[in-house]
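Observations on chain architecture
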Number of protein chains: 2
Amino acid sequence: MTTQLEQEIASQPAHIAALLAREAPRIREICAGLPDFDYALIAARGSSDHAAMYAKYVWAALGGRPVALAAPSLHTLYDAPPRMAGALVVGISQSGQSPDIVAVLAEAQRQGRPTLAITNDGASPLAAVADAVVELGVGPERSVAATKTYTAELAVIAAFAATFSGDARRLEELQRLPDALAATLAQADAVARRAERYRYMDRCVVIGRGYNSATAFELALKLKELTYVMAIPYSSADFRHGPIATIGVGAPALLVMPAGRAFDDMLDLARELRRLGAELLVISDQAQALDLATTPLPLATSVAEWLSPLTAALPGQTLALHLALAKGLDPDAPRAIQKVTRTL
Amino acid sequence: MTTQLEQEIASQPAHIAALLAREAPRIREICAGLPDFDYALIAARGSSDHAAMYAKYVWAALGGRPVALAAPSLHTLYDAPPRMAGALVVGISQSGQSPDIVAVLAEAQRQGRPTLAITNDGASPLAAVADAVVELGVGPERSVAATKTYTAELAVIAAFAATFSGDARRLEELQRLPDALAATLAQADAVARRAERYRYMDRCVVIGRGYNSATAFELALKLKELTYVMAIPYSSADFRHGPIATIGVGAPALLVMPAGRAFDDMLDLARELRRLGAELLVISDQAQALDLATTPLPLATSVAEWLSPLTAALPGQTLALHLALAKGLDPDAPRAIQKVTRTL
């Protein structure tokens, strides 16, 4: 018997292929109808907040627009919503239920700003309050830990970035993505075989840079939710500004370092971590990175760096799943959390 | 013999009193000369990034302006600086040396946007590239872990918030702050006596909300730098969206929960953590919060919530100092990090 989580992880290439085919025209239409905006203000929590981190890089790098991550408590706890002049206001939520995220978009409506919801539930309160809605359409996610809704959110954000860029090559790169996802998942058995080594790991760091800062944060959350490992995420730059002091001999570090502009910086860090005696788990498509690892987690094929957070998430999701199984935990129902979290 | 770190922690009330007296007129003058802006884009790393998190709440709540935290790698690694139309661009750095932070302000200058540097070194590259500079003026910080420069950055940010608000009461509240800092530090002996209990703690979570999300992130960094404890920071809302699954019996949780709008939410979380069997360390001025703690870390006097990140940082700094001493570590020179970190 396989778990829901395993099925949901495996479903991602097909869901993303269908999502891109279905929603790309709609995303073009939404972009064509948007008024001019100087920056995007995104409200999101949990895995969706990591999708927002991806938007922070990819909407800026491909679309030239800075992204601010909203502080929803300004709206809910402090009754002090900021002025939103110049902003496109975006809510990202699998369930579309969290009142704090809905409150940010409702305020944007009051201020006459354009709003966009990205959600798996087109009938949710979040969808109801937005001018434009993109539905993930990946079906109900039954496992508490988000996997297919996370990568679907990334795919929607990537499609907006490609459209913002006005560069046809970006859309072509995006269309090749589902095949790369399928090829990477086909290597999941190798990941599963390595999980047992980490049965008694109780903490680790997870590090990425640039586009893959988001991947580091999301994979750390998967490890926390599914295996209760204290996994701490960092960008490589922030990691060097202090937290590297925590690394001693044997300390495990999961590095997300596909080919691209951030690779050399990550490679420097990987070598420094080896000098400090750390044990490396490396997600990469580059041999010189995988060769530094005790546990290489290879990406089957290379994709453009801006799309690598989608492929790079998969070996990490698979690792978290199999580590949960190695610990005798139920991956579908972690303790103390529910599928829909309503925060104010 | 006391350590540099202890002296620097103790120096904070006097430094902040002098800083506020010296720089308040200059901050008024800078604000009066600023062109209109829709949002602030802040570039910072490490402790200064936590100061930027404070700005994200206090500039919005008191000044009505959203804050975006810059992604410096867009400028350095990706050669893809975003458009900055509508932005006030701010760099915060103790040393003013990190090339990535300087690059963000240099790009803002090229785009004709107003720039502000907050730094302890008025002769630094960051200061050289900014239209306006506020110097912390707290003297050289000799300990690697930032303490007095962190609270000085918060004080400057608070002074800008008070000026943005145009509300004279805010400036009065700010002037009473140094006395509250001194009163809180006077209770540091009680904190020191509790540190030994955590000699063999190897991980913990640190949680705050709203204004004190920044405090949680900063105190987690102090614990990591000074004691090598894997301290993971969260806002209470993000913590409920998954990471609460890591909490089992005996798990230590440091909660930052002074009186204010975020208090009830934090109190709910504190009670939930007690039900899960967690051991609580609580920084608060409220008896009902301190009573839930195994280790209460009391704030001597209450300050307005928007200023509480300054007082609430002090017991946490003191705890990290004494825990380092209890572990036989040198608080002035943690392994693997230097005072000035130059990231690209």
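It should be noted that the structure appears before, not after, this text.
Described below are features of the structure shown in this document. All chains use their own residue numbering, which begins from 1 and follows the written sequence. Chain letters start at A and ligand numbers start at 1, both assigned in the order the entries are written. Note on the predicted model: pLDDT of at least 70 is required for a residue's local features to be given, and 80 or more for side-chain atom pairs to be given and counted; whole-chain, interface and lining totals, by contrast, use all residues. Think of the side-chain values as coming from all heavy atoms in the structure, minus any hydrogens and water.

A look at the pairing of strand S6 (residues 203–208) of chain B
For a regular strand, side chains alternate in direction, first toward one face of the sheet and then toward the other. Residues and elements named next belong to chain B. To be explicit about the condition: Relative accessibility decides the category of a residue: with a 1.4 Å probe and only protein chains considered, values under 20% of the type maximum give buried, values over 50% give exposed, and everything between is partly exposed. The way it works is that DSSP assigns letters per residue, a run of H or I at least four long becomes a helix, a run of E at least two long becomes a strand, and they are numbered from the N terminus. Pairing between strands is defined by DSSP: at least two bridges between the two strands are required. Convention used here: a crossover is right-handed provided that the path from the first strand, over the helix, to the second strand proceeds clockwise when the strands point away from the viewer.
Among the six residues that make up S6, five are buried, leaving the element largely enclosed by the rest of the structure. Note that S6 and strand S7 (residues 230–235) share six bridges and pair parallel. Across the sheet, residue Gly208 finds its bridge partner in S7, namely Ser235. With helix H11 (residues 213–227) bridging S6 and its parallel neighbour S7, the resulting β-α-β unit is right-handed. Bridging between S6 and strand S8 (residues 252–256) involves three bridges; their strand directions are parallel. Its bridge partner being in S8, Val205 is matched across the sheet by Ala253.

Some remarks on the relation of the copies chain A and chain B
To keep things clear, this is the line we draw: Overlaid copies result from least-squares superposition on C-alpha atoms, with residues included only where pLDDT is at least 70 in both. In this analysis, two residues are considered to be in contact whenever any of their non-hydrogen atoms come within 4.5 Å of each other.
Once turned by 180° and shifted 0.0 Å along the axis, chain A lies on chain B with an RMSD of 0.0 Å. Here the copies are linked by what is in effect a two-fold axis. Every residue of chain A has its C-alpha some distance from the rotation axis, and the shortest such distance is that of Ala68 of chain A, at 2.1 Å. Interface residue correspondence from chain A to chain B reaches 99%, placing this contact among same-surface, isologous pairings.

Observations concerning the sheet that holds strand S8 (residues 252–256) of chain A
All names here are of chain A. Put simply, the test is: Under this scheme, a helix contributes an axis fitted over its contacting stretch, all axes are lines through C-alpha atoms, and angles between N-to-C directions fall in the 0 to 180 degree range.
If you trace the five strands from one edge of the open sheet to the other, you get S7-S6-S8-S9-S10, paired in parallel fashion. The outermost strands of the open sheet, each flanked by one partner alone, are strand S7 (230–235) and strand S10 (295–298). Sheet twist, expressed as the mean angle between neighbouring strand axes with direction ignored, is 15°. Bridge analysis of S8 against strand S9 (residues 279–284) gives five bridges, and the strand direction is parallel. Looking across to S9, one finds that Leu254 is bridged to Leu281. Helix-sheet contacts for helix H13 (residues 263–275) involve strand S6 (203–208), S8 and S9, and the interaxial angle to S8 is about 165°.

Side note on the interface of chain A and chain B
Threshold: Here the quantity called buried area is the total loss of accessible area, with a 1.4 Å probe, experienced by two parts when brought into contact, counted for both. Any Lys or Arg side-chain nitrogen located within 4 Å of an Asp or Glu carboxyl oxygen qualifies as a salt bridge. Residues adjacent in sequence count toward polar contacts only when both atoms are side-chain atoms; beyond that, a polar contact is any pair of N or O atoms within 3.5 Å, and within protein one must be able to donate a hydrogen and the other to accept it.
Across the contact, 69 residues belong to chain A and 69 residues belong to chain B. Regarding the contact of chain A and chain B, the summed buried area is about 5,900 Å², with carbon and sulfur atoms giving 58% of it. The largest contributions to the chain A side of the interface with chain B come from Tyr78, Met230 and His241 of chain A, which together make up 13% of the buried area. Scanning the region where chain A abuts chain B turns up six salt bridges. A salt bridge links Arg261 of chain A to Asp79 of chain B; the nearest nitrogen and oxygen atoms lie 3.1 Å apart. One can count 20 residue pairs in polar contact (both at pLDDT 80 or more) joining chain A with chain B.

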